[in-house]
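These are the residues of each chain, in order.
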Amino acid sequence: MAGRPVSPGRTAALGILRRVSRGQRLDRAFSAETARLEERDRPWVQELTYGVMRLRGRLDFLLDRNLRRGTESVSSGVLDALRLGAYQLLYMGGVPAHAAVSQAVEQARGLAGPGAGSLTNAVLRALQRENGSERRFPDATDDLPGYLASWGSHPRWLVDRWLACWPQEDVKRLVDHDNRPPDLYVRPLGIPESEAVDRLRSNGVRCRPLGSGTGCILLEDAGASPSLVLSLVPGIIQDPGSALVTAYAAFPAEGRLVDLCAAPGGKALALAGRVSYVVAADRSGTRLALVRDNLRRLGWRMDLVQARAQEPPFLFAESVLLDVPCSGTGTLRRHPDARWRLGPADTEKLAGVQRSLLEGAAGIVRPSGILVYSTCTLEPEENEDQIDAFLARHGEFRLEPAESAAGEFVDRTGYLRVLPQKTGFDGAFAARLRRVR
């Protein structure tokens, strides 16, 4: 017999996971599936779906132990229903166990028939009895890669890569960082930071200025929505890692600044108050519309150009910002689905794209001008290796870090390097290059 109808929130959550399994990014899937939900239901659905994406490796390890032929023996839809039920059982204490199980059973039954419903019930009841203890996972002392891939919920290839780059304790801290919900920050624009803090606090939003040259304010109230915050303070929602890139850039106030991969516009908007003339360019008209929306909200004006960075339609610029598409391994806390979308070959593919973008950007930098290359990845092929190769090809450029507020994040070479495991921020890398002839 059929049980109780599946709640709208759980229906949306399964729809989100199904979209992600078909290749859609989590944030876009969430927006599409929750558009018709009541506002009060969206935080719950976000906690559930983003939590499943963060801990998918951990959940799958447990589910695999309780499926006779492993997770590969069930369809992807039924596996998503199992993941949703398992996460509610183990990590959402406010959800009654009977509701978590029965609703997952109904979802599996709707996807694949009564047999799938019975299987889901048996697996989740077994999981409830086990309680998902860390003791059931590979031991961190005897098998650290296995532990970080399963309990730590990261792809094994990525764990192995990081362990080859950093000390074990750094990698453990990074994995732990990625598995926590991200903090929320606002960067005020056009008003002093102290005034922004006063406005927020006077409206009941707990917050504190972050300092460290970021210009960001940490929102300590987990219930504060970005829309509420931005209605009180002119600014942008921006992680300190991104904010530090613009501080490190230290572009001169005079002359034209072209941001070649601008959407959604956070860095361009932050720089608009410091540089006399900013042009925001992006290859995607849809994403460029996001920049336009932010400008309209702030009441600002800026030239927007739809263009490919490989072939920028500009004769020259005194300053160029190139915030390239990258693997984003510094932002897995904020974009948890990315860890499952990436593969070992992606860094090499992206490095090829980045090289072509750099060549296009370099061609429009005026002699004595500044080119800043930035990413939100932790991978050397996309960061220092990319810049080392560029400088070897282009003797007319040299690395020239500026004395800036981001100084404590600049390494001995002169690169900006923001590491999540050391800062708690999103990861960021940047290289400030001057064209000397």
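Look up a bit, the structure's there.
Residues numbered from 1 in each chain as written. Predicted model: local features only at pLDDT ≥ 70, side-chain atom pairs only at ≥ 80, totals over all residues. Heavy atoms only, no water.

## Digging into the side chain of Arg-432
In step 1: Here Arg-432 is to be found in strand β12 (residues 428-435).
In step 2: When its relative accessible area of 4% is taken as the criterion, Arg-432 is described as buried.
In step 3: In this structure the side chain of Arg-432 is engaged in a polar contact, spanning 2.6 Å, whose partner is the backbone oxygen of Ala-249.
In step 4: Ignoring any residue separated from it by four or fewer positions in sequence, one finds Arg-432 in contact with Tyr-248, Ala-249, Ala-250, Ile-370, Leu-371, Val-372, Arg-398, Leu-399, Glu-400, Pro-401 and Ala-402. (Helix = DSSP H or I, 4+ residues; strand = E, 2+ residues; numbered from the N terminus. Buried < 20%, exposed > 50% of the residue type's maximum accessible area, 1.4 Å probe, protein only. Polar contact = N/O pair within 3.5 Å; in protein donor to acceptor, adjacent residues only side chain to side chain. Contact = heavy atoms within 4.5 Å.)

## Here's the deal with the pairing of strand β8 (residues 317-323)
In step 1: The element β8 is extensively covered by neighbouring structure, given that five of its seven residues are classed as buried.
In step 2: Two strands pair when backbone bridges link them, and strand β5 (residues 256-259) and β8 are joined in this way by three bridges, in the parallel orientation. Within β8, the residue paired with Leu-257 across the bridge is Ser-319.
In step 3: Bridge analysis of β8 against strand β9 (residues 365-375) gives six bridges, and the strand direction is parallel. (Pairing = 2+ DSSP bridges.)

## Observations regarding the sheet that holds strand β2 (residues 207-209)
In step 1: In spatial order, the strands read β2-β3-β1-β4; together these four strands make up an open sheet with antiparallel pairing. In the strand order of this sheet, the two ends are held by β2 and β4 (235-237), each with one partner. Along the sheet, successive strands turn relative to each other by an average axial angle of 25°, direction set aside. (Axes fitted to C-alpha atoms, helices over the stretch in contact; angles between N-to-C directions.)

## Considerations on the pattern of salt bridges
In step 1: This structure, assessed with the given rule, holds 30 salt bridges.
In step 2: Between Glu-38 and Arg-40 there is a salt bridge whose closest N-O contact spans 2.9 Å.
In step 3: Judged by its relative accessible area of 45%, Glu-38 is partly exposed.
In step 4: In this structure, Arg-434 engages Glu-400 in a salt bridge whose closest nitrogen and oxygen atoms are separated by 2.6 Å. Here the residue Arg-434 occupies a position in strand β12, and Glu-400 occupies one in the loop between β10 (397-399) and β11 (416-418), the gap between them amounting to 34 residues.
In step 5: Overall, the relative accessible area of 22% leaves Arg-434 in the partly exposed class.
In step 6: Taken together, the shared-partner salt bridges connect Arg-18, Asp-60, Asp-80 and Arg-83 into one network. (Salt bridge = Lys/Arg side-chain N within 4 Å of Asp/Glu carboxyl O.)

Coordinates in, geometry out; function isn't part of it.
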